[in-house]
Amino acid sequence: MSVTDAQRVVLEGWVRRRTTAQALAQRSRIVLECAEGHSIMEVSRRLRIAPDTVRTWRRRFIERGLDGLCDDPRPGVPRKITDADVERVIVKTLEERPKNATHWSTRSMAAATGMSQSTVSRIWRAFALAPHRAQTFKLSTDPLFIDKVRDVVGLYLDPPEKALVLCVDEKSQIQALDRSQPVLPMMPGVPERRSHDYVRAGTTTLFAALEVATGKVIGSLHRRHRAAEFKKFLAKLDKEVPADLRIHLILDNYATHKTPDIKKWLLAHPRFHLHFTPTSASWLNLIERWFAELTQKKLKRGVHRSVQALERDIRAWLADWNEHPRPFHWTRTADEILDKVAAYCRRISDSGH
């Protein structure tokens, strides 16, 4: 049995390639062994397979070449959905909307195309289409977006020496909510149950500063959310942070942080350095991640009959956090963030929106 040089290159590639199916790799070995002049019984012994298997694939290769080593099409019902049908569903999904809805469902698409619901579902899964899903986004229009991203991420990844980096923000309008009926406790097979309606008892605001290096949080509760309260919080930070350390604050662009009174206070305290996140990019501030922890673990399912009870719970949770602080580690560089934003903008531009 003879094997051309071109065929040998392909066969050896199938044997070496890790992604090749094991059956195809074994058939390639059979052909290569036979091409070396070995007998059927010798190849059977060397590869530890049945002689009939060697005989079958040797004959298939002689008759049909490389194509003979591939599996024949399996018998079954002929394909009913053509490529044109698949294309029609995809184009309709991406470029049209139903008359009486904002997005397609498998039933409405099936009715519009004359196909079955299961067929539409299979096509959507194959092309990763999910019309029922939607995500929100907002691209920052800050003219200094790139500079601010590099500034903030630089503080996370390479903080200055003899300085403390604090992520600062306010969680305003925290509501003290009491359920209209008693909460029913969890039981085997039954989750905790609470009424959907509630009674408001007032609000409070939490000013918080997260130490990037240690994860500790300095917090202060106030009933109002003004520049006066923010100034008091800055004074608390100045008192609690050792005097020999410079303080770098990462803030958002809320007007409270930029009033003339605040600017005057900062001039009198030169060790404070403010770094603002880009407009509509509060996700750069790690304190938002800590606020999410507070919301999920304490506030979301909490029951408070008064603002005082709410504030006691927040202070207790804050004290417990600081006993075992857990820093949040920033992993992406500024270039990685900017490259991802640029790629997203290119996709939007290419799509014509």
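Residues numbered from 1 in each chain as written. Predicted model: local features only at pLDDT ≥ 70, side-chain atom pairs only at ≥ 80, totals over all residues. Heavy atoms only, no water.

As recorded in an unreviewed UniProt entry, the protein chain goes by the name IS630 family transposase, listed as coming from Streptomyces gougerotii.

Caption draft 1: Structural context of the side chain of His222. As for its position among the elements, His222 is in strand β3 (residues 217-222). Engagement of the side chain of His222 in a polar contact is seen with the side chain of Ser220, the distance being 2.8 Å. Not counting chain neighbours up to four residues away, the residues in contact with His222 comprise Thr204, Thr205, Phe207, Glu229 and Lys232. (Helix = DSSP H or I, 4+ residues; strand = E, 2+ residues; numbered from the N terminus. Polar contact = N/O pair within 3.5 Å; in protein donor to acceptor, adjacent residues only side chain to side chain. Contact = heavy atoms within 4.5 Å.)

Caption draft 2: Broad picture of the sheet that holds strand β1 (residues 163-179). The strand order β3-β2-β1-β4-β5 describes an open sheet built from five strands, whose pairing is mixed. Looking at the sheet topology across the chains shown, the edges are occupied by β3 and β5 (272-276). Strand-to-strand twist in this sheet, taken as the mean axis angle between neighbours without regard to direction, amounts to 30°. Across eleven bridges, the pairing between β1 and strand β2 (residues 198-211) is antiparallel. Note that in β2 the partner of Gln175 across the bridge is Thr203. (Pairing = 2+ DSSP bridges. Axes fitted to C-alpha atoms, helices over the stretch in contact; angles between N-to-C directions.)

Caption draft 3: Spotlight on helix α13 (residues 334-350). Over its 17 residues, α13 extends 24 Å from the first C-alpha to the last, a length consistent with the 24 Å expected when each residue adds 1.5 Å. Listed as buried for α13 are Ala334, Ile337 and Leu338. Projected down its long axis, α13 shows its buried positions confined to an angular sector of 95°, all on one face. Away from its buried face by more than 90 degrees, α13 exposes Asp339, Lys340, Arg347 and Asp350. Packed against the buried residues of α13 are α8 (145-157). (Expected span 1.5 Å × (residues − 1). Buried < 20%, exposed > 50% of the residue type's maximum accessible area, 1.4 Å probe, protein only. Arc of directions from axis to C-beta.)

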